[in-house]
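# Examination of the molecular architecture
Okay, here's what each chain looks like letter by letter:
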Amino acid sequence: MAQGSGDWYSIRSKIPTASEFHLILTPKTQKISESRHKYACRIIAGRLLNWQADSLDKIEHISAGKELEPFAVAQLEVLEGFKTRPIGFVTTDDGRFGASPDRVVMSGNRIGITTEIKCPTIPVQ
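### Examining the pattern of salt bridges
Evaluation of the coordinates by the stated rule reveals three salt bridges. One salt bridge connects Arg42 with Glu20, and the closest N-O pair in it is separated by 3.7 Å. With Arg42 in helix 2 (residues 36-49) and Glu20 in the loop between helix 1 (6-12) and helix 2, this residue pair connects regions lying 22 residues apart in the sequence. Classification of Arg42 by relative accessible area gives partly exposed; the value is 31%. Put simply, Lys118 and Glu116 hold a salt bridge, and the shortest N to O gap is 3.5 Å.

### Some details on helix 2
Spacing of three or four residues puts side chains on the same side of an α-helix, whose turn is 3.6 residues. Along its 14 residues, helix 2 runs 19 Å from first to last C-alpha, staying within 8% of the 20 Å computed at 1.5 Å per residue. Of the residues making up helix 2, those classed as buried are Tyr39, Ile43, Ala45 and Gly46. For helix 2, the angular spread of the buried residues around the axis is 155 degrees, confining them to a single face. Among the exposed residues of helix 2, those pointing more than 90 degrees away from its buried face are His37, Cys41, Leu48 and Leu49.

### Quick notes on unusual backbone geometry
One non-glycine residue, Gln30, adopts positive backbone phi at about 55 degrees. Relative to the helices and strands, Gln30 is located in the loop between helix 1 and helix 2. Residue classification places Gln30 among the exposed positions, given a relative accessible area of 60%.

Analysis parameters
- Residues numbered from 1 in each chain as written.
- Predicted model: local features only at pLDDT ≥ 70, side-chain atom pairs only at ≥ 80, totals over all residues.
- Heavy atoms only, no water.
- Salt bridge = Lys/Arg side-chain N within 4 Å of Asp/Glu carboxyl O.
- Helix = DSSP H or I, 4+ residues; strand = E, 2+ residues; numbered from the N terminus.
- Buried < 20%, exposed > 50% of the residue type's maximum accessible area, 1.4 Å probe, protein only.
- Expected span 1.5 Å × (residues − 1).
- Arc of directions from axis to C-beta.

In structure tokens:
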């Protein structure tokens, strides 16, 4: 499934995802996050009510990043000397957790490397 599609939003609304894991465990202190209960309620709503959060595509930085991503991917592939491919959503073998890396580098039939493509805004750049 394509990232940002209805199916993608649907599946990721029902399980904890890598991009939201900071709502369970804080990155710096590695302590249980105060936001965990609110996040758990979102997941429960996703499962029981087939509810999902709104799309982030309306945010200017996200739409600009998507527009620039093909150029950034091409540069990564040239500089690192490997080919990437887009991927929709991956889960653990038991399906309890998931992630949506921007691209992957395959190693045979398995994912060898996952990549996150960042296209910072001009002030950040």
